[in-house]
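So the chains spell out like this:
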Amino acid sequence: MADTADSHISEGHDGGTRRDFLFLTASAMAAVGAAISIWPFIDSLNPARDTLALATTEVDLSPIQVGQRLTVAWRGKPIFIDHRTPDEIKAAREVDVSTLPDPQSDADRVKKPEWLVQIGVCTHLGCIPLGQKPGDDRGAYGGWFCPCHGSVYDTSGRIRRGPAPLNLIVPPYEFASDTAIRIG
Amino acid sequence: MRRPVIAAAFVAALALLGGIAAPARAVEEAPELPRQRWSFDGVFGTFDRAALQRGFQVYKEVCATCHGVKYLYFRDLAQIGYTDEQVKGIAAAWPQQVTDGPDDTGQMFQRPARPSDKIPGPFPNDQAARVANNGALPPELSLLAKARMGGADYIYAILTGYTEPPPGVNVSAGMYYNSYFPAHQIAMPPPLNPDQVTYADNSPATVAQMAHDVSTFLTWAAEPNLEERHRTGFKVILFLLVTTGVFYAAKRKIWSRIHH
Amino acid sequence: MAAPPPGAPHGVATGTHTAPLSVPEGRAGRIIRWIDYRLPFFSVLQSELGTYPTPVNLNYWWNFGSLAGIILVIMIVTGVVLAMHYQPHADLAFASVERIMRDVNYGWLLRYVHANGASMFFLIVYIHMFRGLYYGSYKYPRELLWILGVVILLLMMATAFMGYVLPWGQMSYWAATVITNLFSAIPLIGDSIVTLLWGGFTVGNPTLNRFYSLHYLLPFVLVAVIGLHLIALHQHGSNNPLGIDRRGPQDSIPFHPYYTVKDTFGLCVFLLFFAVFVFYAPNVLGHPDNFVPANPMVTPPHIVPEWYFLPFYAILRSVPDKLLGVVLMFGAVFILFVVPWLDTSPVRSARFRPIYRLFSWVLVIDTIVLGWVGARPPEGIAVTIGQIATFYYFAHFLILMPLLGKIERPRPLPISIGTAVLEATGARAAPAGRTERS
């Protein structure tokens, strides 16, 4: 059937390999071109430059007194900054880590012991724990208390009691100077 | 139909179309603009970083008194060669502060700008701008190079085009004669005077130099991605040229079976 | 069942499946057969794009149909992604477009491809239409194919018009004002219609929102109509430069690989042309005033549409009467619907119609002149030229097409495509002049 229909089409006489190489190259270039063209569409979905500009927050720590706690926003979430008292630091360090639901030493959670920086979102279902404001219930361990389902965090932000599975998350941050941190 | 004739007619038609589309905006009264040479001209053009920074300095010290740059953020200045520290400093030292808040007492407050903020304009809104400028509204500048025919050439021509009016031409009160502004009467007083700005890189601040630098800066402000666009375009067109050649060869090969 | 001979009319939906599906060996083949038995995707691909018999003598004017389809895909894909960042509110739209241009990764590329792509789409479709007019592709049995094409053009024009409003620049706003105001020319109910279109007492935020919704919708309606357009095409197959029907298998070749490779080559050439605009002259086809945010209190000195609307704009302004201008402008598109019945010539291709062929090119020049007129302010000599050009446009369809078919003496048609091809290639193969022209 194909023969009679295409009898006016002549078969090429030259080497099949040279012809195939040409067609292979052509198809490959078309495929490469198509693949490269897809990237801008995908990358345009990534955070845009204005979103990324808000991805880092700098916080000046100098106005925060010892014992004071400050909440700042970072990427749409609250950040708990705690200028810890020596008692709070001591209480955090004296805990036997192996008894904790999410074992983690205090030293692993801070860069400088008097500054505790963590994301103020309960690791259970996402409520914001109390404890930042004077007069707030800080729970039995002097840290933070989540009113939604009763999770209790200690002065290192570690979960002690209640349904939360993990300690309060420490965001990536670094000290830009002795009195300022850069989060994110 | 003979192929070369068709191709020629086609190209001619396209050229005509291009000729129609381009001066489709040609207003009768728009004067002919002298063309300048810009570092960003042509397929391989780039922005001269030194000119951009000088131009920004002109904008900051001269133009920002009346004109905003609505779509620029301080962080964009990192693209013209300033370090992150310098950008932070420029933002913090900007004469206008940024409104933020409400704070815990429910009040809005002013704070110094940060790199992630837009560059504040001199006026809170258009009405305030008009009051301060005899009813005229100084246009925002971050898109001006695209919003006017001639782009950088137009801006340069306006800035250097203030002259005495020719004899017999009456200039209305509060207006100034400009050779290149449509209808020749512009509400903006000549903004540039020699040595008005002391350039950080010690270049001589002639009117022509300042006009050139600020025109370069404003072109960048309107098209910050120009260099990336040109670079990408070069690679794309190169790739397409090769691919077109390969497919032409493949087409001829396959069709040789028909054409014997 | 017996396969119909290649070149003869065959229908997709008539159930006359042609060749059995050819599949690779092994598991891949089994999977393909499994799918195809339940949903004949691969069979249809093979019969409509693979072995599909296509005239052997198509020239490059026939590339523009597939090009149009591809540019539509490009427009839809860029449009959907742009829609993720665009904000359709009068207070936010302009700034959202600037955000796309400056802050969204590759946003500048997406925007410039979409904006310039619209111009390319019209350029391609206008050439595609001219091919149809020149070679008589609108004649029996392809009248509906042509009519569907005009529907496609109308949908494109509506989509493009609304799309241009979305950036909410000065031209966006004022073009929307001018064009929606046209409907007030309708007697009795005109003003009510305009208020309905606007959703208010001027072009404003309600107008912008509904234009956005429709601009997103219409391209998919377009896809459906193009589907019908292609089904109609495949009923009788493509026309060809000689305008004579195929008579036997020697007049056809399978679409793949001949026209797949030719269309891909044409696509590469087009992409080169497109890339020059996108990367090196992205704003030359646009208007600087659209980089000024819309201001209802300030009218630009000269309101002009994009270049592809300029001829129609010129026709609109060619008569001083508002209603008549509107009627003529829409008439200029609607007259295309009846072209299959206006042209009385029994000969399809202008290659064999020397007078009609000349006037076809005059029509092209006439539309370019109309475009030039549309770009200028309506003063001076441009007005007169515009009126003459408008008159010629309608005269071409209403007077020349019926008349020429009757009085023109066409050149003798070749006996068949195959013999014509043979003659052409024979002449090339033997330049020493062994050709016989019968």
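What you are looking at is a predicted structure, and each value in this text was computed from that prediction instead of being measured. (Residues numbered from 1 in each chain as written. Chains lettered and ligands numbered in written order. Predicted model: local features only at pLDDT ≥ 70, side-chain atom pairs only at ≥ 80, totals over all residues. Heavy atoms only, no water.)

## Overview of helix α9 (residues 205-236) of chain C
All names here are of chain C.
Piece 1. A rise of 1.5 Å per residue sets the reference length of α9, with its 32 residues, at 46 Å; its end C-alpha atoms lie 47 Å apart and thus fit the reference within 8%.
Piece 2. Within α9 the residues assigned to the buried category are T207, L208, F211, Y212, H215, L218, P219, L222, V225, H229 and H234.
Piece 3. G237 sits one or two residues past α9 and shows a positive phi near 80°. (Helix = DSSP H or I, 4+ residues; strand = E, 2+ residues; numbered from the N terminus. Expected span 1.5 Å × (residues − 1). Buried < 20%, exposed > 50% of the residue type's maximum accessible area, 1.4 Å probe, protein only.)

## Side note on the packing of aromatic side chains
Piece 1. Inspection of every chain in the model, using the stated rule, returns 47 aromatic pairs over all chains.
Piece 2. Ring centres of Y86 of chain C and Y212 of chain C lie 5.1 Å apart, and the angle between their planes is 50°; this geometry places the pair in the tilted category. Here Y86 of chain C is found in the loop between α3 (64-83) and α4 (93-102), whereas its partner Y212 of chain C is found in helix α9, with 126 residues between them in sequence.
Piece 3. Under the relative-accessibility criterion, Y212 of chain C is labelled buried at 18%.
Piece 4. Here a set of aromatic residues connected by ring pairs shows up, and it is made of F56, Y59, F74, Y82, W94, F217 and W220 of chain B.
Piece 5. The ring centre of Y73 of chain B lies 4.0 Å from the NZ or CZ of R75 of chain B, which sits over that ring.
Piece 6. Its guanidinium or amino end placed over the ring of Y60 of chain C, K262 of chain C lies 4.4 Å from that ring's centre, counting from NZ or CZ. (Phe/Tyr/Trp six-rings, centres within 6.5 Å; stacked < 30°, edge-to-face > 60°. Lys NZ or Arg CZ within 6 Å of the ring centre and 35° of its normal.)

## Thoughts on the pattern of salt bridges
Piece 1. According to the stated counting rule, one finds 30 salt bridges over all chains in the structure shown.
Piece 2. Across the pair R49 of chain B and E227 of chain B runs a salt bridge whose closest N-O atoms are separated by 3.1 Å. Remark: E227 of chain B occurs in helix α8 (residues 226-259) and R49 of chain B occurs in helix α2 (residues 49-61); sequence separation between them is 178 residues.
Piece 3. Judged by its relative accessible area of 15%, E227 of chain B falls in the buried class.
Piece 4. Through salt bridges that share partners, E58, E174 and R182 of chain A together with E85 and K88 of chain B make up one connected network. (Salt bridge = Lys/Arg side-chain N within 4 Å of Asp/Glu carboxyl O.)

## Some points on the nonpolar core
Piece 1. Counting 140 residues, the largest nonpolar core has F122, L133, Y393 and F397 of chain C as its most contacted members.
Piece 2. Take this core: its biggest share by element is 18 residues, from helix α5 (residues 107-135) of chain C.
Piece 3. Not counting residues up to four positions away in its chain, the partners in contact with F397 of chain C are L133, I335, L336, V339, L342, L363 and P402 of chain C.
Piece 4. Judged by nonpolar contacts, the second largest core, of 49 residues, contains L77, I119, A145 and A211 of chain B. (Core = buried A, V, L, I, M, F, W, Y, C linked by side-chain atoms within 4.5 Å. Contact = heavy atoms within 4.5 Å.)

## Some words on the interface of chain A and chain B
Piece 1. On the side of chain B, 20 residues touch chain A, which itself brings 20 residues to the contact.
Piece 2. Counting each side, the surface lost to burial between chain A and chain B is near 1,600 Å², with a carbon and sulfur contribution of 65%.
Piece 3. When the area that chain A buries against chain B is broken down by residue, the three leading residues are L22, M29 and R49 of chain A, summing to 32%.
Piece 4. On inspection of chain A and its partner chain B, the count reaches two salt bridges.
Piece 5. The salt bridge involving E58 of chain A is made with K88 of chain B; its shortest N-O contact spans 3.2 Å.
Piece 6. Every element with two or more residues in the side of chain A that touches chain B is listed here: α2 (16-43) and α3 (49-53) of chain A.
Piece 7. Considering each element in turn, the side of chain A that touches chain B owes the most residues, ten residues, to α2 of chain A. (Buried area = accessible area lost by both parts, 1.4 Å probe.)

## Thoughts on the interface of chain C and chain B
Piece 1. Opposite the 60 residues of chain C that make contact, chain B presents 51 residues.
Piece 2. Between chain C and chain B lies a buried interface of about 5,000 Å² when both sides are counted; carbon and sulfur atoms form 72% of it.
Piece 3. Two residues, R75 of chain B and D103 of chain C, come together in a salt bridge whose shortest N-O distance is 3.0 Å.
Piece 4. Linking chain C with chain B are eleven residue pairs in polar contact (both at pLDDT 80 or more).
Piece 5. Broken down by secondary-structure element, the contributors of at least two residues to the side of chain C that touches chain B are α4, α5, α10 (255-280) and α14 (354-375) of chain C.
Piece 6. Counting residues per element, the side of chain C that touches chain B draws most heavily on α10 of chain C, which supplies 17 residues.
Piece 7. Per-class residue counts for the side of chain C that touches chain B are 45 nonpolar, seven polar and eight charged. (Polar contact = N/O pair within 3.5 Å; in protein donor to acceptor, adjacent residues only side chain to side chain. Nonpolar A, V, L, I, M, F, W, Y, C, P; charged D, E, K, R; others polar.)

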